[in-house]
Amino acid sequence: MKTALTIAGSDSSGGAGIQADIKTMTVLGVYAMSAITALTAQNTTGVSAIHEVSPKFLQAQLDAVFSDIYPDAVKIGMVSSGELIKAIAQRLDEYGAKNIVVDPVMVATSGAKLLEDDATGILKEFLFPLATVITPNIPEAEILSGEKISGPDDMERAAKIIFDKYKCAVLCKGGHSVNDANDFLLDESGGEFFAGEKILTTNTHGTGCTLSSAIAAGLAKGFSLRESVSRAKKYLSGALKAGLNLGKGSGPMNHAFCIENGKW
């Protein structure tokens, strides 16, 4: 069985972060492992507290994984401080990690800020050069490119700026009322839009975590980046359609939909 490692924060409500990543990878047939960057007190209405692990303990988790069950792919999600980012980059470089998907988590779906101001530059300098692909949403792509995005042409322009600056593939995710659910991927072979189905639901907690983990699962199984993105979007659409009406805010998706109805 292929393996994948998620490096991210824990979501106590189970809809995003480490919990969403493990559910996604498992359902998609990949053995999931984790290195937790932070504990969060979180539910569908927001994040009320964050407790970071130390860089030393995070590296100990990574040592434990890489020295025993080497991951075929790595997904990196919420990392809120620069010191943790540096700790991750050092170990990934040391172990020669491959198929690295970086979801530059800066703001939660609920609007909560998840990345310290001074950590953004460190993220760009230390993690982006190691990435196979980064998966910013519209607000994150605006921050990374310095461009306002209001339509598909803007997505292409922003993706090119990011690609040229950081030399890694970029999946600029639509949504956020820009172009329904179409995403734009730019890598060394060129750019391509991946059409997505616009699903009217408020149960969107953890969508970014789920998509990036699904891409990592695809890469771990040997699919190309484009095929991994295509398969990940299909899975995400199914999980959104089967959304669970749980909680008082932006509810979680049903990551196990394909197990329950046998359609995957």
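If you're wondering where the values come from, they're calculated on a predicted model, not measured in any experiment. Residue numbers run consecutively from 1 along every chain, following the written order of its sequence. Per-residue local features are limited, in this predicted model, to residues with pLDDT of at least 70; the limit for side-chain atom pairs, both in listing and counting, is 80 or more; totals at the level of whole chains, interfaces and linings are taken over all residues. Values shown for side chains rest on all heavy atoms present in the structure; no hydrogens or waters enter the calculation.

(A) Quick look at empty space enclosed by the protein. The method works on a 1 Å grid over the protein atoms by themselves. A cavity is a set of points holding a 1.4 Å probe that cannot get out, a pocket is an open set with protein on both sides within 12 Å along at least five of seven lines, and residues with an atom within 4 Å of a point line them. Grid points are joined across faces, edges and corners, and a volume is the space filled by probe spheres set on the points. Following the criterion strictly, the structure yields two cavities of 30 Å³ or more and no others. Estimated volume of the second largest cavity: approximately 40 Å³. In this structure, the second largest cavity is lined by Gly-77, Val-79, Asp-103, Pro-104, Val-105, Leu-115 and Leu-123. Grouping the constituent residues of the lining of the second largest cavity by class yields five nonpolar, one polar and one charged. Amino acid classes used here: Ala, Val, Leu, Ile, Met, Phe, Trp, Tyr, Cys and Pro are nonpolar; Asp, Glu, Lys and Arg are charged; the rest, including Gly, are polar.

(B) Layout of the side chain of Lys-75. Under the scheme used here, helices are H or I runs from DSSP no shorter than 4 residues and strands are E runs no shorter than 2 residues, and both carry numbers assigned from the N terminus. Take Lys-75: it is sitting in strand E4 (residues 73-76). Remark: exposure states derive from per-residue accessible area (1.4 Å probe, protein chains only) relative to the maximum for the residue type, with buried under 20%, exposed over 50%, and partly exposed in between. Residue classification places Lys-75 among the buried residues on the basis of a relative accessible area of 1%. One polar contact links Lys-75 to Ser-212, side chain to side chain, over a distance of 2.8 Å. What makes two residues a contact is simply this: any of their non-hydrogen atoms within 4.5 Å. Excluding anything up to four places from it in sequence, Lys-75 contacts Leu-5, Thr-6, Ile-7, Asp-21, Met-25, Val-101, Cys-209, Ser-212, Ser-213 and Ala-216. Here a polar contact means two N or O atoms within 3.5 Å. Within protein one must be a hydrogen donor candidate and the other an acceptor candidate, and residues neighboring in sequence count only if both atoms are side-chain atoms.

(C) Structural detail: the side chain of Thr-3. Assignment of secondary structure puts Thr-3 in strand E1 (residues 3-11). What makes Thr-3 buried here is its relative accessible area of 7%. Sequence-distant contacts of Thr-3, that is, excluding residues within four places in its chain, are made with Val-30, Tyr-31, Met-33, Ile-69, Tyr-70, Pro-71, Asp-72, Ala-73 and Ala-220.

(D) Looking closely at the pattern of salt bridges. Here, a salt bridge means any Lys or Arg side-chain nitrogen found within 4 Å of an Asp or Glu carboxyl oxygen. Within the structure shown, the criterion is met by 13 salt bridges. In this structure, the salt-bridge partner of Lys-173 is Asp-103, at a minimum N-O distance of 3.8 Å. Here Lys-173, found in the loop between strand E7 (169-172) and strand E8 (183-187), pairs with Asp-103, found in the loop between strand E5 (100-102) and helix H4 (119-127); they are 70 residues apart in sequence, far enough to count as distant. Each member of the pair, Lys-173 as well as Asp-103, is classed as buried. Residue Arg-226 is joined to Glu-192 by a salt bridge in which the shortest nitrogen-to-oxygen separation is 2.8 Å. Remark: Glu-192 occurs in strand E9 (residues 190-194) and Arg-226 occurs in helix H8 (residues 225-241); sequence separation between them is 34 residues. With relative accessibility at 31%, the residue Glu-192 sits in the partly exposed group. Each member of the salt-bridge network shares a partner with another, and the members are Asp-63, Arg-91 and Glu-94.

(E) The packing of aromatic side chains, seen in detail. Two rings belonging to Phe, Tyr or Trp (six-membered ring only in the last case) form a pair when the distance between their centres is within 6.5 Å. Interplanar angles under 30 degrees mark stacking, angles over 60 mark edge-to-face geometry, and anything in between is tilted. Applying the stated criterion across every chain yields a total of five aromatic pairs. A ring pair is formed by Phe-66 and Tyr-70, whose centres lie 5.3 Å apart and whose planes are at 80°; its orientation type is edge-to-face. For Phe-66, a relative accessible area of 5% translates into the label buried. Using a relative accessible area of 32% as the deciding quantity, one classes Tyr-70 as partly exposed. Geometrically, the ring pair formed by Phe-66 and Tyr-95 is stacked, given 4.9 Å between the ring centres and 10° between the ring planes. Of this pair, Phe-66 sits in helix H2 (residues 55-66) while Tyr-95 sits in helix H3 (residues 82-95), and the two are 29 residues apart along the sequence. By the ring-pair criterion, three or more aromatic residues cluster together here, those being Phe-66, Tyr-70 and Tyr-95.

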